Amino acid sequence: MRVLTGEDVRRLVPMRVAIDAVRDAFRELAAGNFVLPARQIFGDGAVLVMSAYHSPTGTAVVKKIGIALDQVPAIRATLIWTGGGDQLVADGTSITTLRTGAVVGVATDLLAPADASRLTLIGTGAQAPDQVRAVLAVRRIAAVTVTGRSADRAAALSTALADEFPDVKFTPSTSIDDALADADIVCCATSSSTPLFAADALPDRVHVNAIGAFRPTMRELPRDLLADASIVMVDQREAALEESGEIIDAITSGTITDLVELGPALSQTLNPTGRTVFKSVGIGPQDWAIAAALARA
């Protein structure tokens, strides 16, 4: 049995490798090659257990997640991978942030304008850096505005990311509306229970990713953005209708009737125009993808 730390995960699976692995996993999901038991939720979402079994290879992952929004990091997890005689136990916290970033990279590559050069990040928590890394892996971003409630945290994250990406201009901000004004891509990574902005704060052409809200009572996106979007994409319809406050509200209110799933969309010709949205709550094949990449490495 191999035990892998968060540092091992980062060293063995860089973001571009993670994006390719997650993209392939969603193709496998669309082909019906995964068995996905229902996610187990305990303590109103304080503890989650999720798993995935890949039928063609006989490999599987199980991940236990503890969530406490008043701690840093808010998500702490452990992942077990088994198959082919191998077993890995890995830091699930780093895998969670990495695979969440990676799925945003896959969706952004499908939906964002090809010439996108300006990214706005809303949120400065543990998930935030991988959102930036993923978008920078699939688009030639020249400027990133890092927006948070705390000016100090926004500045600290901007400085850290600028050290990692010296060719990109990073600007900290505490004003979401100002940060959205000229954005080509927006990444929302918060635990907000109310929409972070009004739809009219966005440019007419923009792609928005939302990954922070993971309970039906949470909501990062406004209803009118979903109504106006040319494409509303989710990682998996069933999971989104179970856990995403924005999607549940939009469907039950009749604001939208159609959701595009990421897996099938990878083999379709999409025509994203105007505003597009990707909402992810996270599903087992994403964890399996990173664990499989770790096993190969």
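Residues numbered from 1 in each chain as written. Predicted model: local features only at pLDDT ≥ 70, side-chain atom pairs only at ≥ 80, totals over all residues. Heavy atoms only, no water.

Q: Would you explain the packing of helix H3 (residues 92-111) against helix H11 (residues 284-296) in this entry?
A: Each pair of packed helices can be summarised by the angle the axes make with each other and by the distance between the axes. H11 packs onto H3 with a crossing angle of 110 degrees between their chain directions and a minimal axis gap of 9 Å. Classified by the angle their axes make, H3 and H11 are roughly perpendicular. Contacts between H3 and H11 involve Ile95, Leu98, Arg99, Thr100 and Val103 from the former and Gln286, Asp287, Ile290 and Leu294 from the latter. Here the residues of the contact of H3 with H11 sort into five nonpolar, two polar and two charged. (Axes fitted to C-alpha atoms, helices over the stretch in contact; angles between N-to-C directions. Helix = DSSP H or I, 4+ residues; strand = E, 2+ residues; numbered from the N terminus. Parallel < 35°, antiparallel > 145°, perpendicular 65-115°, else oblique. Contact = heavy atoms within 4.5 Å. Nonpolar A, V, L, I, M, F, W, Y, C, P; charged D, E, K, R; others polar.)

Q: Can you help me understand the sheet that holds strand E15 (residues 275-279) in this one?
A: The pairing of strands in a sheet comes from backbone hydrogen bonds and takes either a parallel or an antiparallel form. One open sheet holds the eight strands; their spatial order is E10-E9-E8-E11-E12-E15-E13-E14, and the pairing between them is parallel. Edge positions in the open sheet fall to strand E10 (169-173) and strand E14 (260-261), since each of these has one partner strand only. Here strand E12 (residues 206-210) runs beside E15; their pairing, made up of five bridges, is parallel. Bridge pairing in E15 links valine 208 to valine 277. Strands strand E8 (118-122), strand E9 (143-147), E10 and strand E11 (185-188) of the sheet are contacted by helix H4 (residues 128-138), whose axis makes an angle of about 165 degrees with E8. Contacting E8, E9 and E10, helix H5 (residues 151-164) crosses the sheet at an angle of about 170 degrees to E10. (Pairing = 2+ DSSP bridges.)

Q: Would you mind going over the packing of aromatic side chains with me for this structure?
A: The description of an aromatic ring pair uses the distance of the two centres, along with the angle that the planes make with each other. What the rule picks out here adds up to two aromatic pairs. Ring plane angle 80 degrees and centroid distance 5.1 Å describe the contact between phenylalanine 34 and tryptophan 288, whose orientation is recorded as edge-to-face. You can see phenylalanine 34 sitting in strand E2 (residues 34-35) and its partner tryptophan 288 sitting in helix H11, a full 254 residues away along the chain. As far as the burial class goes, phenylalanine 34 and tryptophan 288 line up, both buried. Note on tryptophan 81 and tryptophan 288: the rings are 6.3 Å apart at their centroids and 45 degrees apart in plane angle, and the pair reads as tilted. Of this pair, tryptophan 81 sits in strand E6 (residues 75-83) while tryptophan 288 sits in helix H11, and the two are 207 residues apart along the sequence. Considered together, tryptophan 81 and tryptophan 288 belong to a single accessibility category, that of buried residues. Taken together, the ring pairs in this structure connect Phe34, Trp81 and Trp288 into an aromatic cluster. (Phe/Tyr/Trp six-rings, centres within 6.5 Å; stacked < 30°, edge-to-face > 60°. Buried < 20%, exposed > 50% of the residue type's maximum accessible area, 1.4 Å probe, protein only.)

Q: Explain the nonpolar core to me, please; I cannot follow it from the model alone.
A: Grouped burial of nonpolar side chains is what soluble globular proteins tend to show. Counting residues in hydrophobic clusters, the biggest one holds 67 residues, and the most contacted among them are Leu119, Val144, Met233 and Leu294. Setting aside residues up to four positions removed in sequence, leucine 119 forms contacts with Val132, Val135, Leu136, Ile141, Ala143, Val144, Thr145, Ile185, Val186 and Cys187. (Core = buried A, V, L, I, M, F, W, Y, C linked by side-chain atoms within 4.5 Å.)

Q: I'm lost on the side chain of asparagine 209 in this one. Help?
A: Within the fold, asparagine 209 resides in strand E12. If we ignore the near neighbours within four places in the chain, the residues touching asparagine 209 are Val104, Ala107, Thr108, Ile185, Val186, Cys187, Cys188 and Phe278.

Q: Got a minute to help me understand the side chain of arginine 99 in this structure?
A: Within the secondary structure, arginine 99 is located in helix H3. Among the residues examined, arginine 99 registers a relative accessible area of 4% and is labelled buried. At a separation of 3.3 Å, a polar atom in the side chain of arginine 99 contacts the side chain of threonine 100. At 2.9 Å, the side chain of arginine 99 forms a polar contact with the side chain of aspartate 287. Excluding anything up to four places from it in sequence, arginine 99 contacts Val22, Met50, Lys63, Gly282, Ile283, Gln286, Asp287 and Ile290. (Polar contact = N/O pair within 3.5 Å; in protein donor to acceptor, adjacent residues only side chain to side chain.)

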